[in-house]
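Summary of structural features
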Amino acid sequence: LSDALIQSNLQSVFLRVTKQYLPHLARLCLISTFLEDGIRMWFQWNEQRDYIEATWGCGYFLATCFVLLNLLGQLGGCVLVLSRNFVQYACFGLFGIIALQTVAYSILWDLKFLMRNLALGGGLLLLLAESRSEGKSMFAGVPSMGESSPKQYMQLGGRVLLVLMFMTLLHFDSSFFSILQNMVGTALIILVAIGFKTKLAALTLVVWLMAINVYFNAFWTVPAYKPMHDFLKYDFFQTTSVIGGLLLVVALGPGGVSMDEKKKEW
């Protein structure tokens with residue numbers, strides 16, 4: 001009991017100290033992959049356009065429109081999210097970018113990248129829930145039902161989608177470290193998904209994922225001219241975006257559809 005009390009007090013102190021800064025840091029991390037990819041579209045304009053033109057045979061004009069849409073859509077969405085203006089529209093725009101890229105780059109057929117894109121969508125869903133004011137509904141004509149309001153289900157959907165990132169990090173081999181990592185990681189993602197001890201589990205996952213990200217996706221150690229540099233850089237920022245989603249969970253809590261919330265009724 002005393003250990004649980006100490007744990008709860010430490011968590012409360014951390015949240016109180018970081019309350020002002022955590023949501024801002026979460027949003028910055030969350031949009032980092034869109035920011036990096038938008039800048040990539042600018043510096044690799046010709047390569048991206050040629051890839052789309054060759055892959056889809058859509059012609060020079062449509063391939064150029066695709067790259068331009070990605071560049072403006074992502075950078076514009078990032079500016080709106082960071083400035084907290086029209087955040088809901090920015091989220092829907094970034095959802096569209098994710099869907100467009102999933103089809104254009106054939107991510108739909110790559111389970112690992114598909115799960116990571118879905119996890120990224122989960123982060124956006126949490127951002128959408130954060131930006132949605134309690135007094136006004138985005139869904140015209142849908143009555144507010146307290147704990148069953150759309151915002152609560154956005155938070156549930158966001159949490160569930162976020163854990164897909166960790167499914168791609170499981171290592172199926174017989175080494176003791178891999179087995180331990182899989183067991184601990186699986187336990188934590190289940191806690192986040194069902195909303196039990198949510199803030200503590202999400203914060204633990206943030207620390208774990210940051211360590212894995214820096215260790216395995218250290219793109220700065222690979223020369224820029226090598227293809228692996230871009231691959232690791234993309235992976236690094238996409239993982240950082242999922243970290244941003246988890247930080248939103250830490251900052252905002254799991255929402256009404258969670259075991260943590262139901263415990264208050266017991």
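Residues numbered from 1 in each chain as written. Predicted model: local features only at pLDDT ≥ 70, side-chain atom pairs only at ≥ 80, totals over all residues. Heavy atoms only, no water.

Observations regarding the overall build of the protein
Counting secondary structure elements, the protein contains 13 helices and 0 strands. Sorting the 266 residues of the protein into buried and exposed places 46% on the buried side. Within the protein, counting contacts between residues at least 6 apart in sequence, those at least 24 apart form 72% of the total. (Helix = DSSP H or I, 4+ residues; strand = E, 2+ residues; numbered from the N terminus. Buried < 20%, exposed > 50% of the residue type's maximum accessible area, 1.4 Å probe, protein only. Contact = heavy atoms within 4.5 Å.)

Let's talk about helix α10 (residues 176-194)
Here α10 is 19 residues long and its end C-alpha atoms lie 27 Å apart, about the 27 Å a rise of 1.5 Å per residue gives. Looking at α10, one finds that the buried residues are S178, Q181, N182, G185, L188, I189, V192 and A193. Projected onto a plane normal to the axis of α10, the buried residues spread over an arc of 145 degrees and lie on a single side. Among the exposed residues of α10, those oriented more than 90 degrees off its buried face are F176 and M183. Residues of α10 that are buried sit in contact with α8 (150-162), α9 (164-167) and α11 (198-216). One or two steps after α10, the chain reaches G195, where phi turns positive at roughly 80 degrees. (Expected span 1.5 Å × (residues − 1). Arc of directions from axis to C-beta.)

Looking at the pattern of salt bridges
Enumeration according to the criterion identifies 7 salt bridges in this entry. Measuring nitrogen to oxygen at the nearest pair gives 3.4 Å for the salt bridge that ties R40 to D37. Remark: D37 and R40 occur in helix α3 (residues 32-43); sequence separation between them is 3 residues, near one turn of the helix. Comparing R40 with D37 shows no difference in burial state: the two are buried. When its relative accessible area of 11% is taken as the criterion, R40 is described as buried. Through salt bridges with shared partners, a single network forms among E36, D37, R40 and D230. (Salt bridge = Lys/Arg side-chain N within 4 Å of Asp/Glu carboxyl O.)

Re the UniProt feature "transmembrane region" (unreviewed entry) in the protein
Here, UniProt's "transmembrane region" (unreviewed entry) annotation points to residues 60-82, 89-108, 176-193, 200-216 and 236-257. This span, residues 60-82, is 100% helix and 0% strand, and a straight line between its end C-alpha atoms measures 33 Å. In this annotation, residues 236-257 is assigned 77% helix and 0% strand; the end-to-end C-alpha distance for the span is 31 Å. (UniProt positions renumbered as here; feature names shortened; annotations may be inferred.)

Let's talk about the packing of α10 against α11
Axes are the key here: two packed helices are described by the angle between their axes and the distance separating the axes. Where α10 meets α11, the axes come as close as 8 Å, and the angle between the chain directions of the two elements is 140 degrees. With respect to α11, the element α10 is oriented oblique. As for the relative orientation of α10 and α11, their crossing is left-handed in sense. Mapping the contact onto sequence places Q181, G185, L188, I189, L191 and V192 in α10 and T198, A201, A202, T204, L205 and W208 in α11. Grouping the amino acids of the contact of α10 with α11 by side-chain chemistry returns 8 nonpolar, 4 polar and no charged. (Axes fitted to C-alpha atoms, helices over the stretch in contact; angles between N-to-C directions. Parallel < 35°, antiparallel > 145°, perpendicular 65-115°, else oblique. Left-handed = near helix turned anticlockwise from the far one by under 90°. Nonpolar A, V, L, I, M, F, W, Y, C, P; charged D, E, K, R; others polar.)

Focus: the environment of S131
Its place among the elements puts S131 in helix α7 (residues 111-131). Exposure remark for S131: the relative accessible area of 22% places this residue in the partly exposed category. Once the C-alpha coordinates of S131 and R84 are considered, the two residues, 47 residues apart in sequence, prove to be 8.3 Å apart. With residues near it in sequence (within four places) discarded, S131 still touches V87 and Q88. There is a polar contact of 2.9 Å between the side chain of S131 and the backbone oxygen of L128. (Polar contact = N/O pair within 3.5 Å; in protein donor to acceptor, adjacent residues only side chain to side chain.)

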